[in-house]
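# Structural characterization, general
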Amino acid sequence: MNHDLIDGVPVLWADAPGPLEATLIFACGARDETLRTLGVTHLIEHLAMSTLPRLHHDHNASVDLSLTQFTCSGRPEQVADFLTRVCTALGDLPLGRVDQEAGVLAAEDGRVADPQTAELLSHRYGAQGPGLAAYRGPGPDRIPLEAVRETVTRYFHRTNATLVLTGPPPAGLRLPLPAGTRPDRTATQPVLHHGPSWRQEQVPGPGLALHGDLEDFALALATKVLAERLRETVRHQHGLSYEVDGGVVFTGPGQGERTICLDAREGQEQKVAELLWAETLRLAREGMTEQELAEEVAAAREAWEDPRSIPYELGEAAADALLGESYLDAPTRLAAMAAVTPEQARQALAAALGTALVVVPCEVELDLRQLDGTPLPQQHCPGGVTELPSGGQVFRPPLTERLRYSAARKTKLVVTDTGLHFQEPDGTVHHVAYSEVAAVEMNGPGRVVFGRNTCLVPAIADLFADLGPAVRAIDAAVPAELRYPASAFRPVD
Ligand SMILES: [Zn+2]
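Just so you know, these numbers come straight off a predicted model, no measurement behind them.

## A word on the coordination of the zinc ion
Metal coordination angles have textbook ideals: 109.5 degrees for a tetrahedral set of four donors and 90 or 180 degrees for an octahedral set of six. Taken together, Cys-381 (SG), His-430 (ND1) and Cys-455 (SG) make up the protein donors of the zinc ion, found 1.9 to 2.2 Å from the metal. Mapping the donors of the zinc ion onto the primary sequence yields the spacing C-x48-H-x24-C. With Cys-381 in the loop between β11 (357-361) and β12 (393-395) and His-430 in strand β15 (residues 429-433), the pair connects residues that are 49 residues apart, well separated along the chain. A single burial state applies to Cys-381 and to His-430, both of which are buried.

## Let's talk about the nonpolar core
Leu-208, Leu-210, Ile-260, Trp-277, Val-358 and Leu-366 are the most contacted members of the largest nonpolar core, which totals 47 residues. For this core, the elements supplying multiple residues, two or more each, are β8 (207-212), α6 (217-237), β10 (255-262), α7 (269-286), α8 (290-305), α10 (330-338), α11 (342-352) and β11. Here the element with the most residues in this core is α6; it accounts for 10 residues. In this structure, Leu-366 is in contact with Trp-198, Gln-270, Ala-273, Glu-274, Val-358 and Val-360, ignoring residues within four places of it in sequence.

## Section: the packing of aromatic side chains
Enumeration over the complete set of coordinates arrives at 4 aromatic pairs. Aromatic side chains Phe-26 and Phe-70 sit 6.0 Å apart centroid to centroid with 90° between the ring planes, which places their arrangement in the edge-to-face category. Linking Phe-26 in strand β3 (residues 20-26) with Phe-70 in strand β5 (residues 68-74), this pair joins segments that are 44 residues apart in sequence. For the ring pair Phe-422 and Phe-464, a centre distance of 6.2 Å and an interplane angle of 85° mean the geometry is edge-to-face. Placement of Phe-422 in strand β14 (residues 419-423) and of Phe-464 in the loop between β18 (456-459) and α14 (468-477) is noted, with a sequence separation of 42 residues between them.

## A few points about unusual backbone geometry
Omega for the peptide link from Gly-195 to Pro-196 comes to 0°, which places this bond in the cis form. Of note, Pro-196 is situated in the loop between β6 (161-165) and β7 (197-201). We note that Asp-7 has phi near 50°; this positive angle belongs to a residue other than glycine. Mapped onto the elements of the fold, Asp-7 is located in the loop between β1 (2-6) and β2 (9-13). Taking relative accessible area as the criterion, Asp-7 reaches 28% and is therefore assigned partly exposed. Positioned with a positive phi, Asp-466 is a non-glycine residue whose angle comes to about 50°. With respect to the helices, strands and loops of the structure, Asp-466 is situated in the loop between β18 and α14. Given a relative accessible area of 68%, Asp-466 falls into the exposed group.

## Quick look at the packing of helix α1 (residues 40-49) against helix α5 (residues 145-155)
It is at 10 Å that the axes of α1 and α5 come closest, and there the two elements cross at 80°. With respect to their mutual orientation, α1 and α5 come out roughly perpendicular. Facing α1, whose interface residues are Val-40, Thr-41, Leu-43, Ile-44 and Leu-47, α5 presents Ala-147, Val-148, Thr-151 and Val-152. Looking at the contact of α1 with α5 residue by residue, the class counts come to 7 nonpolar, 2 polar and no charged.

Reading guide: rules and limits
- Residues numbered from 1 in each chain as written.
- Predicted model: local features only at pLDDT ≥ 70, side-chain atom pairs only at ≥ 80, totals over all residues.
- Heavy atoms only, no water.
- Donors = N, O, S within 2.8 Å, 3.2 Å for Na, K, Ca; no water.
- Helix = DSSP H or I, 4+ residues; strand = E, 2+ residues; numbered from the N terminus.
- Buried < 20%, exposed > 50% of the residue type's maximum accessible area, 1.4 Å probe, protein only.
- Core = buried A, V, L, I, M, F, W, Y, C linked by side-chain atoms within 4.5 Å.
- Contact = heavy atoms within 4.5 Å.
- Phe/Tyr/Trp six-rings, centres within 6.5 Å; stacked < 30°, edge-to-face > 60°.
- Axes fitted to C-alpha atoms, helices over the stretch in contact; angles between N-to-C directions.
- Parallel < 35°, antiparallel > 145°, perpendicular 65-115°, else oblique.
- Nonpolar A, V, L, I, M, F, W, Y, C, P; charged D, E, K, R; others polar.

Keep in mind these numbers describe shape, not what the thing actually does.
Put into structure tokens, the structure is as follows:
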């Protein structure tokens, strides 16, 4: 791996076969946004790309949880021209195009994670940081221009960027990015829910997340073996799933999530969820064979020896440097994996089960046991409140509704000096303290209040009568900058 510095931007390169590939990486992703500004990085990426003329070589850009990447491949002079244009655009964004690009974003599926992973992240971290993966945000037409300016100034500069190349830098390459201050990456991402628990969500199949140090190679191998066993049982033996996905999500200094997500044949969601948990427990209890571990190490070696892995390795090294993590090269990782014994991998998995989060489709009802035989608790609501407060102003559905429907008789909104409580027809109580409000959507005359704890309070006219005092209380208690009119791109629901 070769290191250069061009116009103050670190450049990492190594020779690889094929045309020159370039990726200009910025350490800025959805994780750096807030619920109120969600989508602002994607909007910046689109604004920058909108300045490019028609290009005939491959080029693209993307935003995920942690990174924004501008990629292209082609002849060296084409690559140089693309990179210079992107840098120039980021230093002088065409803010006049915000409305058009917001429309383009509304048409694009801009999710940063698959549905199961997104829900698992929001359970773990709440409506902030990586947990934002599960949210749609205010909509691209409701992102404040001030947030665009602030985000581009804070993250899109030469001190928060790295260029990776699959060959030497093109002659005369310029990277005219503005100067800036390196963002502080030392703060630990707060965890909302440590687990273990299971929860119903609108997901196509079950998913499992384990929290831990991403450089724990024993746990890494155990989850790889688990995914392989699930492929064997759920897919090949029972024919219930097509895809078994093992994922890794970096969520902050020294921590992350290892996930396993499965799809399920229609009507088989329950069975797939039960098999996922049963195989996980079996592996944590009985362990794995030397042969199973050796297979995973061999697979990793095969991948690393393939020259097509060079851009990936360069990208990993660049991302680790930008995010303040230590990069371990492939031989080091391979040696660490090869040193793991089956018993170490089993113990790592058994310990990680204390952090297990399971998400299943809404219709699935589980009765699961943990390793020690105690039930795996179901999490209904993270608000930590099970009853309505005794004081406060109570709002209810219109009398005509209450007379006709028992659900309407149980639905309540209680407004106190410190926050909101919302009781669903099934008795579940959600609570959002005013100090914990992440965003407020103005929904006609009503308000939908999003809590950082992932609770949502729909103070809307479709549900409650005579809401005026509730809306006035919310508007008085929550900072105005957290409030926005519902997106014009979405039907009011
Ligand atoms: Zn709740």
